[in-house]
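Per-entry structural report
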Amino acid sequence: MIEVQVVAVREEGEHLRSFELRRTDGGALPTFEAGAHIDVQLPGKLTRQYSLCNAPHETHRYLICVLRESASRGGSEAMHALAEGGVLTISAPRNLFALHPAPAYSLLFAGGIGITPLIAMAEHLARNGRSFELHYSARGPGRAAFLERLRAAPWGDRVHLHFDDGPAHLRLDVAQALAAAPDGAHLYVCGPAGFIDHVFQAAEASGWDPARLHREYFSAAPSPVDAGEQSFEVQVASSGEVHTIPPGRSIAQVLDEAGVFVPVSCEQGICGTCVTAVLEGTPDHRDQFLSADEHARNDQITLCCSRARSARLVLDL
Ligand code: FES
């Protein structure tokens, strides 16, 4: 873990605030790849993930941007309560949304606060001479972050801004952007779940190879109330112990209480921290982290939210 100080707080738009973080000991921060995020520890034992949105070659600072959400679980409110001079504990960066190493054309789609990992990607691609375009959609200019930075960037001519309250001909036309992309292009999407699903469905309908589609969710789509949720058993392969998971409790919660270490972070099925191999049994996947192919293989599970279709799961723990 790394102790950092908030050295600058900036208003980036309506309910959007960025935080510049530097090490309290003045040293260099770990390098990071475009698309990476850090875990931020907040009061009340909250841990939240925020994408790094400064240029990835910088090691003197990290920049994150947080949308304050009234329906949040407390993380965004706690972040917005921070002032300059505040001290935070953060993790080293982790990347679950990396650029593909192939030097292919990159098509970046950001919706709202989803700009944060994609602006770092744009910085990296431009610095490394790789071709790309960035489509940024928001309800209006006041709801978009980093507009000045996007317009002033040396690669600003590759940015396309789309506002719901703007002229109709400037609104995002996903199908058109997909059709105009060169062969072999890779697609990267981040934003609200509905935005990501919209872009992915358009790409799939246009026959894009799933291996060229990449996404990162910021929050889980609301899960339908499952009135018929059943209890099931999980067996820890290393010890043979069997635990019952009742309705309304996650595998991760039950195992944690039983003293079985399960790393968790988002606890919403979007970050992948708790992914664990399944040795026997059939998961009932409820996450947005694993792909459809990975769900179909049924050989891994997110312990923070997914359940079981079979009476028992044997986990590689
Ligand atoms: Fe993030 Fe489970 S803790 S997917």
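Structure's up top.
Read on for a plain summary of the structure. In this text, all values refer to a predicted model and were calculated from it rather than measured experimentally.

Moving on, we get to the overall build of the protein chain. Looking only at helices and strands, the protein chain has seven helices and 18 strands in total. Scaling as 2.2 N^0.38, a compact globule of 317 residues should have a C-alpha radius of gyration of about 20 Å, and the protein chain matches this with 20 Å. Judged by the C-alpha coordinates and their principal axes, the protein chain covers about 60 × 50 × 35 Å. Put simply, 65% of the contacts in the protein chain that link residues at least 6 apart link residues at least 24 apart. Looking at the protein chain as shown, the accessible area adds up to about 14800 Å², and 48% of this sits on carbon and sulfur atoms. Side-chain charges of the protein chain comprise 26 positive and 38 negative groups, with the mean position of each set lying 3 Å from the other.

On to the packing of aromatic side chains. Applying the stated criterion to the full structure yields three aromatic pairs. Its end group placed over the ring of W208, R212 keeps NZ or CZ at 4.8 Å from the ring centre.

This brings us to the environment of T31. Along the chain, T31 falls in the loop between β2 (16-23) and β3 (37-42). On the basis of relative accessibility, which here comes to 60%, the residue T31 falls in the exposed class. Beyond its immediate stretch of four places on either side in the chain, T31 contacts T59 and P93.

This part covers the environment of D299. You can see D299 is positioned in the loop between α7 (292-297) and β16 (300-302). The exposure class of D299 is partly exposed, given its relative accessible area of 35%. Separated by 16 residues in sequence, D299 and P283 have C-alpha atoms that sit 8.3 Å apart. Beyond its immediate stretch of four places on either side in the chain, D299 contacts T276, A277, V278 and E294.

Helix length check: helix α2 (residues 115-127), at 13 residues, gives a terminal C-alpha distance of 18 Å against a target of 18 Å (1.5 Å per residue), a fit within 8%. Within α2, 10 of the 13 residues are buried, which leaves it mostly tucked inside the rest of the structure. Following α2 by one or two positions, G129 adopts a phi angle in the positive range, close to 70°.

Following the criterion strictly, the structure yields 14 salt bridges and no others. In this structure, a network of salt bridges that share partners links the residues R10, E20, R22, E58 and R61.

Helix length check: helix α5 (residues 193-205), at 13 residues, gives a terminal C-alpha distance of 18 Å against a target of 18 Å (1.5 Å per residue), a fit within 8%. Burial in α5 covers these residues: A193, F195, I196, V199, F200, A202 and A203. Tucked inside the fold, the buried residues of α5 contact β7 (106-111), β8 (132-138), α4 (174-180), β10 (186-191) and β11 (213-217). Looking one or two places after α5, you find G207, whose phi comes out positive at around 80°.

Rules and cut-offs
Residues numbered from 1 in each chain as written. Predicted model: local features only at pLDDT ≥ 70, side-chain atom pairs only at ≥ 80, totals over all residues. Heavy atoms only, no water. Helix = DSSP H or I, 4+ residues; strand = E, 2+ residues; numbered from the N terminus. Rg over C-alpha atoms; globule rule 2.2 N^0.38 Å. Contact = heavy atoms within 4.5 Å. Areas by Shrake-Rupley, 256 points an atom, 1.4 Å probe, with all protein chains shown as cover. Lys, Arg positive; Asp, Glu negative; His and termini not counted. Charge placed at Lys NZ, Arg CZ, Asp CG, Glu CD. Phe/Tyr/Trp six-rings, centres within 6.5 Å; stacked < 30°, edge-to-face > 60°. Lys NZ or Arg CZ within 6 Å of the ring centre and 35° of its normal. Buried < 20%, exposed > 50% of the residue type's maximum accessible area, 1.4 Å probe, protein only. Expected span 1.5 Å × (residues − 1). Salt bridge = Lys/Arg side-chain N within 4 Å of Asp/Glu carboxyl O.

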